[in-house]
Amino acid sequence: MSVCRYKCWRSGSDKDLHLICREGEFDALPDRIRHLGPWVGSKEGEVERLRPHYRALLAEQDFVIVHRHPYEFEPEGRGHAPEG
């Protein structure tokens, strides 16, 4: 069984803007999303470890946009309080 992985990207023009997509699918994203960059690679991991709401959005729309300070952005939710 193959593990589905995700990759996070941070916008170079807005440091608080993050993008989550499945690994290897960045180039398939809509132009309007890709052009919010330039994007810099960030965190990555297994999709099943993502916070439930990120996982649901990823399944529904193939990407997730998050506006959050880089030090507060934790896609896998290791902390106790859920991200808003």
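In case you missed it, the structure is sitting above this.
Presented here is a report on the structure given in the accompanying data block. (Residues numbered from 1 in each chain as written. Predicted model: local features only at pLDDT ≥ 70, side-chain atom pairs only at ≥ 80, totals over all residues. Heavy atoms only, no water.)

Thoughts on the overall build of the chain
Then, number 1: Helix and strand counts for the chain come out as two helices and four strands.
Then, number 2: Walking the chain from its N terminus toward its C terminus, one meets helices and strands in the order β-β-α-β-α-β.
Then, number 3: Computed over the C-alpha atoms, the radius of gyration of the chain is 12 Å, within 12% of the 12 Å expected from 2.2 N^0.38 for a compact globule of 84 residues.
Then, number 4: By principal-axis analysis of the C-alpha atoms, the chain measures approximately 30 × 30 × 20 Å.
Then, number 5: Looking at the chain residue by residue over its 84 residues, the buried ones come to 35%.
Then, number 6: Long-range contacts, defined here as pairs at least 24 residues apart, represent 65% of the contacts in the chain between residues at least 6 apart.
Then, number 7: Put simply, the chain shows about 5400 Å² of open surface, and 50% of that area lies on carbon and sulfur atoms. (Helix = DSSP H or I, 4+ residues; strand = E, 2+ residues; numbered from the N terminus. Rg over C-alpha atoms; globule rule 2.2 N^0.38 Å. Buried < 20%, exposed > 50% of the residue type's maximum accessible area, 1.4 Å probe, protein only. Contact = heavy atoms within 4.5 Å. Areas by Shrake-Rupley, 256 points an atom, 1.4 Å probe, with all protein chains shown as cover.)

Let's talk about the pattern of salt bridges
Then, number 1: For the coordinates displayed, the defined rule picks out eight salt bridges.
Then, number 2: Taking the shortest distance from any N to any O, the salt bridge between R5 and E44 comes out at 3.7 Å. Within this pair, whereas R5 is found in strand β1 (residues 5–11), its partner E44 is found in strand β3 (residues 39–46), the two being separated by 39 residues in sequence.
Then, number 3: Between E74 and K43 there is a salt bridge, with the nearest N and O atoms lying 3.6 Å from each other. Of the two residues, E74 is situated in the segment after β4 (63–67) and K43 in strand β3; the sequence distance between them amounts to 31 residues. (Salt bridge = Lys/Arg side-chain N within 4 Å of Asp/Glu carboxyl O.)

So, the sheet that holds β4
Strands in a sheet are paired, the pairing made by backbone hydrogen bonds, and the direction either parallel or antiparallel.
Then, number 1: Strand order in this open sheet of four strands is β3-β1-β2-β4, and the pairing throughout is antiparallel. In this open sheet, the two edge strands, each paired with only one partner strand, are β3 and β4. Between one strand axis and the next, the sheet turns by 20° as a mean value, whatever way the strands run.
Then, number 2: Sheet analysis places β1 next to β3, joined by six bridges and oriented antiparallel. Considered in β3, the bridge of R5 is made with E46.
Then, number 3: Packing against the sheet, helix α2 (residues 52–61) makes contact with β2 (17–22) and β4, and its axis sits at approximately 135° to β4. (Pairing = 2+ DSSP bridges. Axes fitted to C-alpha atoms, helices over the stretch in contact; angles between N-to-C directions.)

Here we look at unusual backbone geometry
Then, number 1: Cis rather than trans, the peptide bond between G37 and P38 has omega equal to 20°.
Then, number 2: Position of P38 among the secondary structure elements: in the loop between α1 (31–34) and β3.

Concerning the packing of aromatic side chains
Then, number 1: Applying the stated criterion across every chain, the model contains two aromatic pairs.
Then, number 2: Between Y54 and F73 the ring centres are 6.3 Å apart and the planes differ by 50°, which places this aromatic pair in the tilted class. With Y54 in helix α2 and F73 in the segment after β4, this residue pair connects regions lying 19 residues apart in the sequence. The pair formed by Y54 and F73 is uniform in burial state, with each residue classed as buried. (Phe/Tyr/Trp six-rings, centres within 6.5 Å; stacked < 30°, edge-to-face > 60°.)

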